[in-house]
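A look at the structure
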Amino acid sequence: MNSANPENNKVTIAGTIVTNPDFSHEVYGEKFYIFKLEVKRLSENSDVIPITVSEKFFSILNIETGKNVLITGQFRSYNNFSSVGNRLLLTVFVRDIEEVSDITEYTAPNNIFLNGYICKEPVYRTTPFGREIADILLAVNRGYNKSDYIPCIAWGRNAKYADSLSVGDNISVWGRVQSRDYQKKISEDEIENKTAYEVSVSKIELN
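Read on for an overview of the structure. (Residues numbered from 1 in each chain as written. Predicted model: local features only at pLDDT ≥ 70, side-chain atom pairs only at ≥ 80, totals over all residues. Heavy atoms only, no water.)

Each helix and strand counted, the chain has one helix and eleven strands in total. Secondary structure elements of the chain, listed N to C terminal, follow the sequence β-β-β-β-β-β-β-β-β-α-β-β. Against the compact-globule benchmark of 17 Å for 207 residues, the chain has a radius of gyration of 17 Å, which places it among compact chains. Based on the C-alpha atoms only, the size of the chain along its principal axes is roughly 50 × 40 × 40 Å. Burial status across the chain gives 42% buried among its 207 residues. Carbon and sulfur atoms make up 47% of the accessible area of the chain, which totals about 11700 Å². Distance between charge centres in the chain, computed from 23 positive and 27 negative side chains, equals 3 Å. (Helix = DSSP H or I, 4+ residues; strand = E, 2+ residues; numbered from the N terminus. Rg over C-alpha atoms; globule rule 2.2 N^0.38 Å. Buried < 20%, exposed > 50% of the residue type's maximum accessible area, 1.4 Å probe, protein only. Areas by Shrake-Rupley, 256 points an atom, 1.4 Å probe, with all protein chains shown as cover. Lys, Arg positive; Asp, Glu negative; His and termini not counted. Charge placed at Lys NZ, Arg CZ, Asp CG, Glu CD.)

Moving on, we get to the packing of aromatic side chains. The tally for this structure, following the rule as stated, stands at four aromatic pairs. Judged by centre distance (5.0 Å) and plane angle (50°), the rings of Tyr 33 and Phe 58 are tilted. Of this pair, Tyr 33 sits in strand S3 (residues 30-40) while Phe 58 sits in the loop between strand S4 (46-54) and strand S5 (68-79); the two residues are 25 residues apart in sequence, bridging distant segments of the chain. Tyr 33 gets classed as buried once you look at its relative accessible area, which sits at 17%. You can call Phe 58 partly exposed: its relative accessible area is 33%. Arranged with centres 5.2 Å apart and planes meeting at 50°, the rings of Phe 113 and Trp 174 form a pair that is tilted. Placement of the pair is Phe 113 in strand S7 (residues 110-126) and Trp 174 in strand S10 (residues 170-185), with a sequence separation of 61 residues. What links up through ring pairs into an aromatic cluster is the set Phe 23, Tyr 33 and Phe 58. Against the face of Trp 174 rests Lys 203, its NZ or CZ located 4.6 Å from the ring centre. (Phe/Tyr/Trp six-rings, centres within 6.5 Å; stacked < 30°, edge-to-face > 60°. Lys NZ or Arg CZ within 6 Å of the ring centre and 35° of its normal.)

Attention shifts here to the pattern of salt bridges. Side chains that carry opposite charge are capable of pairing whenever their charged atoms lie near each other. The full count for this structure, using the stated rule, is twelve salt bridges. When the shortest N-O distance is used, the salt bridge between Arg 41 and Asp 47 registers 2.7 Å. The exposure class of Arg 41 is partly exposed, given its relative accessible area of 25%. Between Glu 198 and Arg 180 there is a salt bridge; the shortest N-O distance is 2.9 Å. Here Glu 198, found in strand S11 (residues 191-206), pairs with Arg 180, found in strand S10; they are 18 residues apart in sequence, far enough to count as distant. Taking relative accessible area as the criterion, Glu 198 reaches 5% and is therefore assigned buried. Overlapping salt bridges bring together Arg 41, Asp 47 and Arg 176 as one network. (Salt bridge = Lys/Arg side-chain N within 4 Å of Asp/Glu carboxyl O.)

As for its position among the elements, Ser 200 is in strand S11. Those residues in contact with Ser 200, other than ones at most four positions away along the chain, are Ile 153, Trp 155, Trp 174, Gly 175, Arg 176 and Gln 178. (Contact = heavy atoms within 4.5 Å.)

As structure tokens, this is what we get:
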């Protein structure tokens, strides 16, 4: 039984499957798999988002590379999910998935709504070019006394507003799930290419 609250964490995302499903984990005899979904932005760029799907959907849809799908679900976090150090891993958890013929018909193929609590003091900064940015870590309640910890990034007026918020504030955010590539320095001679997943905020409200 899944008691997750679908009202405080809602994702709708349409894109093209770019990796075949790989086994991830098993819960109470139910197997879950992860694949990557490429989602076009309004610009020429794309986000490549990890998707977690239950084996129960395999009897409904053959999930394979090149297929266009529409997914509704939730953005979830897992700690030490794949036993790779102490990391927060993020994925879109599928509640429904269907094949679509043409994803270009979706004018906004990547939408997320979250209602949660700020669990870390927002970090406000400006870029060398004067652009305002704020990082927010949002705790979104899930069933069975669990929470998902979702990193969000706000820009401009939203960033300035986020700077006025405090730990414990209950906020709602609207935006999109995005992937962001960056480099992490391991040693003097070694740099590791990594990918971060977060919510790019288009609207924020204090509840």
